[in-house]
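As a plain string of letters, each chain reads:
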Amino acid sequence: MDAEREQQVIDEAARIQTEVDKVFETARSNNWSLEQFAVKVLAGATEFDLAYIAIGSQLVQNVTGLDGQTSVEILKYLIAEAIDKNTVKIKQAQELFYNGLLINKEQAEEEKRQQQVSKQTSKESRN
């Protein structure tokens, strides 16, 4: 990959990450429940919004432990089923996203606890 193309990819990834961050900020500021967020992820992904596709792919990966490409393939399948109005698959997708959000929340809480422990340990070692 040449340097120019590499920079374009990096810039696009940064742009998508900014959009993902905005989605999470919107969810926080509007106090979306995990269930609401799961529904919004599927709705956004079916509209081919890259931020929601990125989130959906990560949530699939959180739940399944599969690699990124396989998670994207599963997400593409779920999007197609949702567009076709397959209510069983829509419900399964929402449950999958909910579980992925739950895992994401638990990981964030654990990271926060670890940071607090680290700060406390650091503070105690200075005293």
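None of these values were measured; they are calculated from a predicted model.

Turning to the confidence of the model for the protein chain, a few remarks are in order. Summing up the model confidence of the protein chain, the mean pLDDT is 92 and the portion of residues at 70 or higher is 98%. The least confident element of the protein chain is helix α5 (residues 87–126), whose mean pLDDT is 89; the most confident is helix α2 (residues 34–46), at 95.

Before going further, it helps to examine the side chain of Asn62. Note on placement: Asn62 falls in helix α3 (residues 50–64). Asn62 has contacts with Gly100, Ile103 and Asn104, leaving out every residue within four places of it along the chain.

The end-to-end C-alpha distance of α5, which contains 40 residues, comes to 58 Å, matching closely the 58 Å that a straight helix rising 1.5 Å per residue would cover. Within α5, the full set of buried residues consists of Ala93, Leu96, Phe97, Gly100 and Leu101. On its buried face, α5 sits against α2, α3 and α4 (68–83). Between a side-chain oxygen at the N-terminus of α5 and the backbone nitrogen of Val88 the separation is 3.2 Å; the capping residue is Asn86.

Within this structure, the stated rule accounts for 5 salt bridges. The shortest N-O distance in the salt bridge between Lys22 and Glu19 comes to 3.4 Å. Here Glu19 and Lys22 lie together in helix α1 (residues 3–29), a separation of 3 residues that amounts to about one turn. For Lys22, a relative accessible area of 48% corresponds to the partly exposed category. Looking at Glu19, the relative accessible area reads 29%, which means it is partly exposed. Of the charged contacts in the structure, one is a salt bridge between Arg28 and Glu25, with a shortest N-O distance of 3.5 Å. Residue Arg28 and its partner Glu25 are located together in helix α1, separated by 3 residues, close to a single helical turn.

Its 27 residues give α1 an end-to-end C-alpha distance of 39 Å, which sits within 8% of 39 Å, the value for a rise of 1.5 Å per residue. Residues Ile16, Val20, Val23 and Ala27 constitute the buried set of α1. Where α1 is buried, its residues contact α2 and α3. Positive backbone phi, at 55°, marks Asn31, one or two positions downstream of α1.

Thresholds applied
- Residues numbered from 1 in each chain as written.
- Predicted model: local features only at pLDDT ≥ 70, side-chain atom pairs only at ≥ 80, totals over all residues.
- Heavy atoms only, no water.
- pLDDT = per-residue confidence, 0-100.
- Helix = DSSP H or I, 4+ residues; strand = E, 2+ residues; numbered from the N terminus.
- Contact = heavy atoms within 4.5 Å.
- Expected span 1.5 Å × (residues − 1).
- Buried < 20%, exposed > 50% of the residue type's maximum accessible area, 1.4 Å probe, protein only.
- Polar contact = N/O pair within 3.5 Å; in protein donor to acceptor, adjacent residues only side chain to side chain.
- Salt bridge = Lys/Arg side-chain N within 4 Å of Asp/Glu carboxyl O.

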